[in-house]
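# A structural walkthrough
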Amino acid sequence: MASHVQEDELTMSSDDLLQAQLELYHHCFVYVKSMALGAATDLRIADAIHLRGGAVTLSDLAADTGIHPTKLSHLRRLMRVLTTSGIFSAEVKASGDMVYKLTRVSRLLVGAGGESSRRRDLSPMVGVFVNPVAITALFSIHEWFTDEKSAASPSLFEVAHGCTRWEMIAKDASDDRVFNAGMAADCCLSMEILLRECNGVFGSLGSSLVDVGGAHGAATAVVAKAFPHVKCTVLDLPRVIAGAPVDDNLTFVPGDMFEYIPPADTVLLKTKIASRYCASARKPSRQGTPEGR
């Protein structure tokens, strides 16, 4: 009886079966959207559209991005994926040509055309997310759940690569550059919004601020520029600080937040940057912190 009930529950009409098949395959191929976004970012397609006045034909796009003429049909397929997913928009002109334009999303991929565009260019962050090192870890999900040795690993990344994400960054200079560039781009945009919407909060910072896990100081540099009276310090691991650019407005302190935080009126702990410490089992010391701020 139980078997018969289960069989009835699985019964679907032909239309339902075909729709279910379509949805299943859609889920299987959803990664194509991410890969297409990564390709568009590497090709600087958003810049090409922006520099053409916000609208570009396929042939002009191919010429501006250096795509070989024999790949024009493949570029059309790539743009179809990108317009379907909302990265770009497309419309057919009276001449029959397809014209591609920027959307709200792709405006965040424009790095050409002035300081304002560069401050909001999140292309480097796409490089962090759509990264073979990060993506290949997802192929270990089954192993992580079922393999006895892998069950003890705290993350998929360790199962796939034999080290933590931060250890990988520490030993791979190229990965380190990609990651820090992404973090800097993310900081520039988020801090611009925070200063615009929460200016009153930042206006009462006091005379000193320490950015905990601040990497190369992208977030702190924005604060220092907006509030020159605030003495800004960046705390991060020695290997991270070693690669930081020279900035007369910032003081870089090598160290570990779980051991010591320099005293300051305000402590800035930006979630996305500070997450690098989450793998540590140690608890932070309150030494040097302004009474739990």
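These remarks concern the structure in this document.

Calculation rules
- Along each chain, residue indices are assigned from 1 in the same order as the chain's sequence is written.
- Given that this is a predicted model, residues contribute local features only at a pLDDT of at least 70 and side-chain atom pairs are listed and counted only at 80 or more, while totals for whole chains, interfaces and linings are drawn from all residues.
- Calculation of side-chain values draws on the structure's entire complement of heavy atoms; hydrogens and water are dropped beforehand.
- A strand pair is defined by DSSP finding two or more bridges across the two strands.
- In DSSP terms, a helix is any run of H or I states spanning at least four residues, a strand is any run of E spanning at least two, and both are numbered starting from the N terminus.
- Axis definition: a line fit to C-alpha positions, over the contact stretch in the case of helices; interaxial angles, taken between N-to-C directions, run 0 to 180 degrees.
- Patch membership requires more than 30% relative accessible area and the absence of a salt bridge. Residues of like charge join within 9 Å; the nonpolar side chains Val, Leu, Ile, Met, Phe, Trp and Tyr join within 5 Å.
- With residues, only the protein chains shown are counted as cover, and all accessible areas are computed by Shrake-Rupley using a 1.4 Å probe.
- The rule for a salt bridge is simple: a side-chain nitrogen of Lys or Arg has to be within 4 Å of a carboxyl oxygen of Asp or Glu.
- A 1.4 Å probe rolled over the protein chains alone gives each residue an accessible area, and that area as a share of the maximum for its type sets the label: buried under 20%, exposed over 50%, partly exposed in between.
- We define the nonpolar core as a collection of buried residues of types Ala, Val, Leu, Ile, Met, Phe, Trp, Tyr and Cys that are connected through side-chain atoms lying within 4.5 Å of one another.
- Any pair of residues with heavy atoms lying within 4.5 Å of one another is described as a contacting pair.
- To pair, rings of Phe, Tyr and Trp, with the six-membered ring standing in for Trp, must have centres within 6.5 Å; the planes then decide the type, stacked if under 30 degrees apart, edge-to-face if over 60, and tilted in the middle.
- Lining residues are those with an atom within 4 Å of a point, where the points come from a 1 Å grid over the protein atoms alone and group into cavities, where a 1.4 Å probe fits but cannot get out, or pockets, open sets with protein on both sides within 12 Å along at least five of seven lines.
- Grid points are joined across faces, edges and corners, and a volume is the space filled by probe spheres set on the points.
- Each residue receives one of three labels: charged for Asp, Glu, Lys and Arg, nonpolar for Ala, Val, Leu, Ile, Met, Phe, Trp, Tyr, Cys and Pro, and polar for the others, Gly being one of them.

This next bit is on the sheet that holds strand β1 (residues 55-57). What the 3 strands build is an open sheet, ordered β1-β3-β2; its pairing is antiparallel. Two strands bound the open sheet, and with one partner strand each, they are β1 and β2 (88-92). The average undirected angle you get between the axes of adjacent strands in this sheet is 30°. Relative to strand β3 (residues 98-102), β1 is paired through 3 bridges, and the arrangement is antiparallel. Looking at β3, one finds that alanine 55 is bridged to lysine 101.

Where nonpolar side chains cluster on the molecular surface, the patch consists of Leu24, Tyr25, Phe29, Tyr31, Val32 and Met35 and spans about 600 Å² of accessible area. At the level of elements, α2 (14-28) and α3 (31-43) are the ones that each hand at least two residues to the nonpolar patch. When residues in the nonpolar patch are grouped by element, the largest group, 3 residues, is from α3. Following the sequence through the fold, tyrosine 25 ends up in helix α2. Residue classification places tyrosine 25 among the partly exposed positions, given a relative accessible area of 44%.

Before going further, it helps to examine the environment of valine 133. Structurally, valine 133 is set in helix α9 (residues 132-136). Sequence separation between valine 133 and methionine 168 is 35 residues, and the spatial gap between their C-alpha atoms is 9.1 Å.

Okay, the nonpolar core next. By size, the foremost hydrophobic cluster in this structure holds 23 residues, and its most contacted members are Ile45, Ile49, Leu61, Leu75, Met79, Leu82 and Phe88. Breaking this core down by element, the ones donating at least two residues are α3, α4 (45-51), α5 (58-65), α6 (72-84) and β3. With near-sequence residues (within four places) excluded, leucine 82 lies in contact with Ala36, Leu37, Ala40, Ile87 and Phe88. Ala219, Ala224, Val230 and Leu250 belong to the second-largest nonpolar core, a separate cluster that totals 17 residues.

We now examine the packing of aromatic side chains. Evaluation of the coordinates by the stated rule reveals 3 aromatic pairs. Measuring from ring centre to ring centre gives 5.4 Å for tryptophan 166 and phenylalanine 179, while their planes differ by 75°; the resulting arrangement is edge-to-face. Here tryptophan 166 is found in helix α12 (residues 165-171), whereas its partner phenylalanine 179 is found in helix α13 (residues 173-197), with 13 residues between them in sequence. Neither residue differs from the other here; tryptophan 166 and phenylalanine 179 are each classed as buried.

Residues in a regular strand project their side chains so that they alternate between the two faces of the sheet. With 5 bridges joining them, β2 and β3 adopt antiparallel strand pairing. Within β3, the residue paired with valine 92 across the bridge is methionine 98. Joining the antiparallel neighbours β2 and β3 is a turn of 5 residues, in which glycine 96 adopts a positive phi near 95°.

Applying the stated rule across the entire model yields 1 cavity of 30 Å³ or more. Here the largest cavity is characterised by a volume of approximately 50 Å³. For the lining of the largest cavity, the element with the highest residue contribution is α13, accounting for 4 residues. For the lining of the largest cavity, the class distribution of residues is 6 nonpolar, 4 polar and no charged.

Okay, the sheet that holds strand β7 (residues 266-268) next. Strand pairing in a sheet relies on backbone hydrogen bonds, with the paired strands running either antiparallel or parallel. The 4 strands lie next to each other as β6-β5-β4-β7, forming an open sheet whose pairing is parallel. Every other strand in the sheet has two partners, leaving β6 (250-254) and β7 as the edge strands with one partner each. Strand-to-strand twist of the sheet, defined as the mean angle between neighbouring strand axes without regard to direction, takes the value 25°. Direction of pairing for strand β5 (residues 231-236) relative to β6: parallel, over a ladder of 5 bridges. By the bridge assignment for β6, aspartate 236 is matched with proline 254. Contacting β4 (208-212), β5 and β6, helix α15 (residues 218-226) crosses the sheet at an angle of about 175° to β5.

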